[in-house]
Protein chains: 2
Amino acid sequence: MSDETAAFCCPDHSGAAPAEAILAAAEDKARARGLRLTPVRRRTLEILLQAHGALGAYDVLERLAAEGFGTQPPVAYRALNFLVENGLAHRIRRLNAFTACTHPGHDHRAAFLICETCERVTEAAAPDLSKALGAAAAQAGFTVERVTVEAVGRCRACTQARA
Amino acid sequence: MSDETAAFCCPDHSGAAPAEAILAAAEDKARARGLRLTPVRRRTLEILLQAHGALGAYDVLERLAAEGFGTQPPVAYRALNFLVENGLAHRIRRLNAFTACTHPGHDHRAAFLICETCERVTEAAAPDLSKALGAAAAQAGFTVERVTVEAVGRCRACTQARA
DNA sequence: GCCTTGACTGTTATTATATAACATATCATA
DNA sequence: TATGATATGTTATATAATAACAGTCAAGGC
Ligand SMILES: [Zn+2]
Ligand SMILES: [Zn+2]
Ligand SMILES: [Zn+2]
Ligand SMILES: [Zn+2]
């Protein structure tokens, strides 16, 4: 799926990664909610954070296996699903991949911006979006529970690089 | 591009889909744009329309094969991709499935409402959504090209049934 | 202490989804 | 009718995800 890790993790790929801060926040959250952020799970989150982009389950698995964790798909899928269910990571369906949540401190409805040039994923807060969708859904008598928003386009860095 | 559509094929799953009308519209569109709506492609669209919901590629394939078309995955994937690329169908990523476009007459940004009880999919026109997303994306310097919006929740029929 | 219980981790095996590569057939049109 | 482009079909393979089950381990009741 994707290649190597960079030490940055930020909305527009322009600044230093608050990876440590995010990890710390995840630990706080886990403590507060009684979640068990076990070694595989924690390491999986770290792997996602270091990747600076979305990673496929098998990419994650490869790294976990290399570090002495289990070598079979369920190991990665279980850790990833745990993170997703607890708001510490997100699943990017268009890419069949996962990415660390960049602001795990609170529940949110996020939109994902997928650059088709560099393949990196940015998580954007988009509160208005829920509203707009809620209205459209209400018209149809539909009650919305969860929403996935994934946009494909071009990130700032790639736009500038091409200009 | 529009907002005036009767956005819902069958909001509460209570009426028959206007399949013939949609199919006719698809043929008009194909003629107008010089698309080749060949037998497999046309039949694939019909299959989607008759399904009243999203179908997986292998489900479509099964039906096609039973009718004398090819029996191998690429047959279904090619027809489905053709339909998607030309706005006659949509891919529902959350379900790994495809659904006929219920208003193929014009380009649109649609949102999909997926009922987690009956698993049926409704296509809702949601023009405001693009705006809201565009704003959020602009903040990050991101240029949006295509957007996927998929909501999971409960449709009117299922809500009423449970009440 | 020790036993039960439930959550977690790991395994093997299988299922599900999607594409690559290539041969044949059909269509457009010159 | 020849010719190049498009479409259809095949075999084979790649990629993604889950099922089912066994061993581990720590917490809480006795
Ligand atoms: Zn997030
Ligand atoms: Zn980019
Ligand atoms: Zn549509
Ligand atoms: Zn329903």
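Everything that follows concerns the structure shown earlier in this document.
Notes on the structure in this doc start here.

Conventions adopted
- Residues numbered from 1 in each chain as written.
- Chains lettered and ligands numbered in written order.
- Predicted model: local features only at pLDDT ≥ 70, side-chain atom pairs only at ≥ 80, totals over all residues.
- Heavy atoms only, no water.
- Contact = heavy atoms within 4.5 Å.
- Buried area = accessible area lost by both parts, 1.4 Å probe.
- Salt bridge = Lys/Arg side-chain N within 4 Å of Asp/Glu carboxyl O.
- Polar contact = N/O pair within 3.5 Å; in protein donor to acceptor, adjacent residues only side chain to side chain.
- Near = heavy atom within 4 Å.
- Helix = DSSP H or I, 4+ residues; strand = E, 2+ residues; numbered from the N terminus.
- Nonpolar A, V, L, I, M, F, W, Y, C, P; charged D, E, K, R; others polar.
- Expected span 1.5 Å × (residues − 1).
- Buried < 20%, exposed > 50% of the residue type's maximum accessible area, 1.4 Å probe, protein only.

## Notes on the interface of chain B and chain A
Step number 1: Listed per partner, the contact involves 36 residues of chain B and 35 residues of chain A.
Step number 2: A buried area of about 3000 Å², summed over both sides, lies between chain B and chain A, and 57% of it is on carbon and sulfur atoms.
Step number 3: Seen at the junction of chain B and chain A, the total is two salt bridges.
Step number 4: Notably, a salt bridge pairs glutamate 116 of chain A with arginine 146 of chain B, separated by 3.7 Å at the nearest N-O pair.
Step number 5: At the boundary of chain B and chain A, one finds 14 residue pairs in polar contact (both at pLDDT 80 or more).

## Remarks on the protein's contact with DNA strand C
Step number 1: What surrounds DNA strand C is a group of 18 residues, the closest being Thr38, Thr71, Gln72 and Arg78 of chain A together with Tyr58 of chain B.
Step number 2: What you see for DNA strand C is that sugar and phosphate hold 54% of its atoms within 4 Å of the protein.
Step number 3: Measuring from a sugar or linking oxygen of DNA strand C, one finds a side-chain N or O atom of arginine 36 of chain A at 3.5 Å.
Step number 4: At a separation of 2.6 Å, a base nitrogen of DNA strand C approaches a polar side-chain atom of tyrosine 58 of chain B.
Step number 5: Elements represented by at least two residues in the surface near DNA strand C include exactly helix H2 (39–51) and helix H4 (73–85) of chain A together with helix H4 (73–85) of chain B.
Step number 6: A class-by-class count of the residues in the surface near DNA strand C yields eight nonpolar, five polar and five charged.

## Regarding helix H2 (residues 39–51) of chain B
Residues and elements named next belong to chain B.
Step number 1: Taking 1.5 Å per residue as the helical rise, H2 with its 13 residues ought to reach 18 Å, and the 18 Å between its terminal C-alpha atoms agrees with that figure.
Step number 2: Among all positions of H2, only Arg43, Thr44, Leu45, Glu46, Ile47, Leu48 and Leu49 are buried.
Step number 3: At its buried positions, H2 is contacted by helix H1 (19–33), helix H3 (57–66), H4, strand E1 (89–92) and strand E2 (97–100).
Step number 4: Directly after H2, the chain includes histidine 52, whose backbone phi takes a positive value near 60 degrees.

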